[in-house]
Amino acid sequence: MAKNGLAARLYRGEADLNIVGRRNLWFGVAGVLVLIAVLSFAISGFKLGIEFAGGNTFQVPASVGTLDRAEQTVDEVLADEAPGVEVVSAQKVGSTSGEFYEMRTGQLSAEQANAAKAAMAEEFGIQADQISGSQVSEAWGSQVTSRAFLGLLIFIAVVSIYLVLRFEWRMAVAAITSLLTNLVLTAGIYSLVGFEVTPSTIIGFLTILGFALYDVVVVFDKVQENTRGITANNNVTYGEASNLALNQSLMRSLNTSVVALLPVGGLLFIGAGLLGAGTLKDLGLVLFVGMAVAFLTSIVLATPLLVLLKNMDPRISAHNKRVLSRRAALARGEITPKGASRAAPAADADAPIDPEAAALAGAAPKVGARPAGKRPRGARGGRPAGGGGNRPGGKRR
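Residues numbered from 1 in each chain as written. Predicted model: local features only at pLDDT ≥ 70, side-chain atom pairs only at ≥ 80, totals over all residues. Heavy atoms only, no water.

> Explanation requested: the pattern of salt bridges in the structure shown.
Once the charged atoms of two side chains with opposite charge are near each other, the side chains can pair. By the definition in use, this model includes six salt bridges. For Asp 221, the salt bridge identified is with Arg 166, shortest N-O distance 2.6 Å. One end of the pair, Asp 221, is in helix α8 (residues 199-227); the other, Arg 166, is in helix α6 (residues 138-166), and 55 residues separate them in sequence. Residue class for Asp 221 comes out partly exposed when judged on its relative accessible area of 33%. Here Glu 168 makes a salt bridge to Arg 170, at a shortest N to O gap of 3.1 Å. For the pair formed by Glu 168 and Arg 170, the shared burial category is buried. (Salt bridge = Lys/Arg side-chain N within 4 Å of Asp/Glu carboxyl O. Helix = DSSP H or I, 4+ residues; strand = E, 2+ residues; numbered from the N terminus. Buried < 20%, exposed > 50% of the residue type's maximum accessible area, 1.4 Å probe, protein only.)

Structure follows, in structure tokens:
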């Protein structure tokens, strides 16, 4: 890694990215994205799995052919036996007894399910007992959802109390707002793209809560360190100190997010994509999307929102005004920075030189210098020559 590269400067906190200073831009972008997500909830809704919408599941041996052919055959059977019902999702799953194609369909009655199962066996040329089926009620999904919301509320309450005790209430508000924004945006992506919502998705949502807050707490700890006793000096505003903390911890947040996303990406793209482990797709997808969104919200939303709330504090507001007033005075030359000597007026190069004044100036002693005259030889520091103290200077007899 180059010593002067962006990564190295980020690691040392020298990149000086003005993230906090552009907070109005981040708030505007976040507001637009949240609005799009909410409109998607109202217009498109979510693509619910059979655990939430209710439906039937059929497992067909993978030996019947390709997944696409199996799905097409099941759709044709359903069109004859249960018009209006079709395959919602199809994926390849494995078990101890072999590999199967799992077909999830809409809600079927018991008679329709039995008739469809017999017709599938005939079409595939296998025995009916080789096809397994089950029915899922939407009541089970509703119970899972209510428990998940209860767990979310308890989590937010406990975390809020911890953040208030560990930091302050403004940091707690900023962190919880960033967390809720993360959840809304992740859910919005699911609604816009049409990803299926399953119990694994709900578990993934609850899992990303801790990751989203971890990054925020790390940054807030650095902010607290940089702003401790900030009102005692007039050099930096609260926003500038917070932006420095954000720059100093940005590389750590980036490394943490990349390290967390790599195994989740492997779970999603390799496990579910290449190896065909369809049961991992729902969990891996929500983790990947949620962690990526959590990194962005923790950087561009949590700390800028904290600075906005802190600037409303009269003490911090007065401090910021003092800092800006001092800088304005320095720019006008009304005050001199601490440790810098005030410059003497420049001499006119064309002015005549007074020899007497020059001689006096050259002979003038410097401040704190000893007199230029010679010491009396017989005296040492004003004492009588020949001895110290009050003894006479004569020889001892």
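> It is not clear to me how the nonpolar core should be interpreted in this structure. Could you clarify?
In summary, soluble globular proteins display a tendency toward joint burial of nonpolar side chains. Counting 55 residues, the largest nonpolar core has Met 171, Phe 220, Val 223, Tyr 238 and Leu 306 as its most contacted members. Discounting chain neighbours no more than four positions away, the residues touching Val 223 are Met 171, Tyr 238, Ser 242, Ala 245, Thr 303 and Leu 306. With 22 residues, the next largest nonpolar core counts Phe 58, Val 64, Val 74 and Ala 119 among its residues. (Core = buried A, V, L, I, M, F, W, Y, C linked by side-chain atoms within 4.5 Å. Contact = heavy atoms within 4.5 Å.)

> Can you walk me through the pairing of strand β4 (residues 98-105) in this structure?
Side-chain positions along a regular strand alternate between the two faces of the sheet. Burial runs high along β4: six of the eight residues are buried. Where strand β2 (residues 55-61) meets β4, six bridges bridge the pair, whose relative direction is antiparallel. Its bridge partner being in β4, Phe 58 is matched across the sheet by Met 103. (Pairing = 2+ DSSP bridges.)

> Could you clarify how one ought to interpret the side chain of Thr 57 in this entry?
Structurally, the position occupied by Thr 57 is in strand β2. On the basis of relative accessible area, Thr 57 is assigned to the buried category, the value being 10%. Leave out the neighbours within four places in its chain, and Thr 57 touches Ile 50, Glu 102, Met 103, Arg 104, Ser 132, Gly 133 and Ser 134.

> Please clarify how a nonpolar patch on the surface should be interpreted in this entry.
A grouping of Leu 25, Val 29, Val 32, Leu 33, Ile 36, Leu 192 and Val 193 is seen on the molecular surface, where their side chains present a nonpolar patch of about 610 Å² in accessible area. When residues of the nonpolar patch are traced back to their parent elements, those giving at least two are α2 (23-43) and α7 (169-193). Counting residues per element, the nonpolar patch draws most heavily on α2, which supplies five residues. On the secondary structure map, Leu 33 appears in helix α2. Judged by its relative accessible area of 41%, Leu 33 is partly exposed. (Patch = residues over 30% accessible without salt bridge, like charges linked within 9 Å, V, L, I, M, F, W, Y side chains within 5 Å. Areas by Shrake-Rupley, 256 points an atom, 1.4 Å probe, with all protein chains shown as cover.)

> I'm lost on the layout of surface pockets in this one. Help?
Unfilled space is identified by rolling a water-sized probe across the atoms. Taken as a whole, the largest pocket spans an internal volume of roughly 530 Å³. Lining the largest pocket are 19 residues, with Phe 46, Phe 149, Ala 187, Ile 202 and Phe 205 sitting closest to its centre. Those elements giving two or more residues to the lining of the largest pocket turn out to be α6, α7 and α8. Grouping the constituent residues of the lining of the largest pocket by class yields 17 nonpolar, two polar and no charged. (1 Å grid on protein atoms, 1.4 Å probe; cavity = no way out; pocket = protein on both sides within 12 Å on 5 of 7 lines; lining within 4 Å. Points joined across faces, edges and corners; volume = space filled by probe spheres on them. Nonpolar A, V, L, I, M, F, W, Y, C, P; charged D, E, K, R; others polar.)

> Can you walk me through the packing of α6 against α8 in this structure?
Two quantities define a packed helix pair, namely the angle between the axes and the distance from one axis to the other. At a minimum axis separation of 10 Å, α6 and α8 run at an interaxial angle of 10°. By the angle between their directions, the pair α6 and α8 is classed as roughly parallel. Judged by residue contacts, Trp 140, Ala 148, Leu 152, Phe 155, Val 159, Leu 163 and Arg 166 of α6 engage Pro 199, Ile 202, Leu 206, Leu 209, Gly 210, Leu 213, Val 217, Asp 221 and Gln 224 from α8. Across the contact of α6 with α8, the residue classes tally to 12 nonpolar, two polar and two charged. (Axes fitted to C-alpha atoms, helices over the stretch in contact; angles between N-to-C directions. Parallel < 35°, antiparallel > 145°, perpendicular 65-115°, else oblique.)

> Honestly, the packing of helix α4 (residues 67-81) against helix α5 (residues 110-124) in this entry has me stumped. Any pointers?
One can describe the packing of α4 onto α5 by two numbers: an axis separation of 9 Å at closest approach and a directional angle of 135°. Comparing the axis directions of α4 and α5 gives the class oblique. Once α4 is placed against α5, the crossing between them reads as right-handed. The segment α4 lies against α5, with Arg 69, Ala 70, Thr 73, Val 74, Val 77, Leu 78 and Glu 81 engaging Gln 112, Ala 115, Ala 116, Ala 119, Met 120, Glu 123 and Phe 124. In terms of residue class, the contact of α4 with α5 is made up of nine nonpolar, two polar and three charged. (Left-handed = near helix turned anticlockwise from the far one by under 90°.)

> Can you walk me through a negative patch on the surface in this structure?
Together, Glu 76, Asp 80, Glu 81, Glu 122 and Glu 123 give the surface a local cluster of negative charge. Looking at the negative patch, the elements that each hand over two or more residues are α4 and α5. Among the elements that line the negative patch, the one with the most residues is α4, at three residues. (Lys, Arg positive; Asp, Glu negative; His and termini not counted. Charge placed at Lys NZ, Arg CZ, Asp CG, Glu CD.)

Structural measurements only, silent on function.
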